[in-house]
Amino acid sequence: MKSIPKFVAGLVAIVLATFGQVNAQDAQEKATLSVGDTAPDFDLPSSDGKSYKLSDVLKDGPVVLAWFPKADTPGCTAQCKSMAKNGPKIREFQVSYFMISVDSVEDNTKFAEKYSADFPILSDTTKETAKAYGVMSDYGFPNRHTFYIGTDRKILKIDRKIQVATAAEDTVTALEELKVDRAEAT
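Worth saying up front: this structure is predicted, and the values here are computed from it rather than measured. (Residues numbered from 1 in each chain as written. Predicted model: local features only at pLDDT ≥ 70, side-chain atom pairs only at ≥ 80, totals over all residues. Heavy atoms only, no water.)

Chemist: Summarise the packing of aromatic side chains; cite the residues concerned and give the values.
Modeler: Given two aromatic rings, one states the distance between the centres and the angle between the planes to describe the pair. Per the counting criterion, the structure on display carries 6 aromatic pairs. An angle of 40 degrees between the planes, with centres 5.3 Å apart, marks the rings of Tyr97 and Phe119 as tilted. With Tyr97 in strand E4 (residues 96-101) and Phe119 in the loop between helix H6 (105-114) and strand E5 (121-123), this residue pair connects regions lying 22 residues apart in the sequence. Ring pairs connect the aromatic residues Trp67, Tyr133 and Phe147, which therefore count as one cluster. (Phe/Tyr/Trp six-rings, centres within 6.5 Å; stacked < 30°, edge-to-face > 60°. Helix = DSSP H or I, 4+ residues; strand = E, 2+ residues; numbered from the N terminus.)

Next up, the structure:
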């Protein structure tokens, strides 16, 4: 029996990931980070034309990193729309939040513009940060995981069961459970 070409297997995996059908247990077994671990630092370009370094962003409060597989795919689009639509609810907390993928800055910028994302989408084109966070699949794209990182760079929570349509609401619930401070009214 001939084996399936790797690119076909990769396409199948992308389709499954975008519809939220990746086996969460398999993804969990590959993860190298746990709650309480120190989050790897990074310095990545963003859809807003800036670069963000974790250690710098943490000076403003906790950070939420929402990894996603591929810009402009159905599941990732639903996740981005949820985050954009409900951004004001997340901004009620003293937190910086980002979506992050291994797509190019250009692809993520178009993606952010298309869905009116009012938050930065980070690009990890080298995949080094994705590997450091243990989110890379065998097919060359990240699994959909969200990391909540405290100001001391310790991982407070890892969500490996993302519901794309309610990603923002679930983020708000997690921030409430983690007792993240509310932002001061301006």
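Chemist: Describe the environment of Glu184, naming the residues involved and giving the relevant values.
Modeler: With respect to the helices and strands, the residue Glu184 is situated in the segment after helix H8 (167-177). We classify Glu184 as exposed; its relative accessible area is 71%. Separated by 92 residues in sequence, Glu184 and Glu92 have C-alpha atoms that sit 8.1 Å apart. (Buried < 20%, exposed > 50% of the residue type's maximum accessible area, 1.4 Å probe, protein only.)

Chemist: For the pairing of strand E3 (residues 63-67), give the residues involved together with the corresponding values.
Modeler: The element E3 is extensively covered by neighbouring structure, given that 5 of its 5 residues are classed as buried. Burial of the side chains of E3 extends over both faces: Val63, Leu65 and Trp67 are buried on one face and Val64 and Ala66 on the other. Of the pairings in the sheet, the one linking E3 to E4 comprises 5 bridges and is parallel in character. If you follow Val63 over to E4, its bridge partner there is Ser96. (Pairing = 2+ DSSP bridges.)

Chemist: Let's hear about the sheet that holds strand E6 (residues 146-149): which residues, and what values?
Modeler: The strands that make up a sheet pair up through hydrogen bonds in the backbone, lying either parallel or antiparallel. Here we have 5 strands laid out as an open sheet, ordered E5-E4-E3-E6-E7, and mixed in their pairing. The sheet terminates laterally at E5 and strand E7 (155-159), the two strands that pair on one side only. With direction set aside, neighbouring strand axes in the sheet form an average angle of 25 degrees. Pairing of E3 with E6 involves 4 bridges; the strand directions are antiparallel. The partner of Val63 across the bridge, within E6, is Ile149. Lying over the sheet, H6 contacts E4 and E5, oriented at roughly 165 degrees with respect to E5. (Axes fitted to C-alpha atoms, helices over the stretch in contact; angles between N-to-C directions. Contact = heavy atoms within 4.5 Å.)

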